[in-house]
Amino acid sequence: MAFIDNSGSITISRGDCFKIPLFINIGTEEEPIRLDFKKFSDMEIYFGVYLPGGIFENSFIAKKFTHLDSNSLGDIMINLDPKDTLYVKPGRYIYSIKARMYNPI
């Protein structure tokens, strides 16, 4: 089972799965507008987990998501399978999410 606190920290046990929608606001804080990934077939989202002090390119968990991984609202569903976390040692790690757009909004 996974838990996400208000600061964005994720707690997950080794061998567990994790799935959460990624809401990207292209509006303002007062008037949020959801980015609908289904409309951007050329957009890619990368999720990486790496050691503190490390860099994204050295992620030991690296996943790529596209519009095919979106839910009914158009949010990308970030998911980790049990095989992704099975051999991760207990500790603190950093995660980052990056986007690649070939035709920016």
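A few points on the structure.

The next subject is the overall build of the protein. Along its length, the protein carries one helix and seven strands. Dimensions of the protein, computed from C-alpha atoms along their principal axes, come out at roughly 40 × 30 × 25 Å. For the protein, with 105 residues in total, the buried portion stands at 30%. In the protein, 58% of the contacts between residues at least 6 apart in sequence involve partners at least 24 apart. Here the protein displays about 7,300 Å² of accessible surface, and carbon together with sulfur accounts for 54% of that area. Treating the 12 positive side-chain charges of the protein as one cloud and the 13 negative ones as another, the clouds have centres 8 Å apart.

Per the stated rule, a full pass over the model turns up three aromatic pairs. Their ring planes at 70° and their centres at 5.0 Å tell us that phenylalanine 60 and tyrosine 93 sit as a pair that is edge-to-face. Taken together, the residues phenylalanine 60 in the loop between strand 4 (44-50) and strand 5 (61-65) and tyrosine 93 in the loop between helix 1 (82-85) and strand 7 (94-100) connect sequence positions 33 residues apart. Residue classification places phenylalanine 60 among the partly exposed residues on the basis of a relative accessible area of 39%. By relative accessible area, tyrosine 93 is classed as partly exposed at 27%.

Parameters at a glance
- Residues numbered from 1 in each chain as written.
- Predicted model: local features only at pLDDT ≥ 70, side-chain atom pairs only at ≥ 80, totals over all residues.
- Heavy atoms only, no water.
- Helix = DSSP H or I, 4+ residues; strand = E, 2+ residues; numbered from the N terminus.
- Buried < 20%, exposed > 50% of the residue type's maximum accessible area, 1.4 Å probe, protein only.
- Contact = heavy atoms within 4.5 Å.
- Areas by Shrake-Rupley, 256 points an atom, 1.4 Å probe, with all protein chains shown as cover.
- Lys, Arg positive; Asp, Glu negative; His and termini not counted.
- Charge placed at Lys NZ, Arg CZ, Asp CG, Glu CD.
- Phe/Tyr/Trp six-rings, centres within 6.5 Å; stacked < 30°, edge-to-face > 60°.

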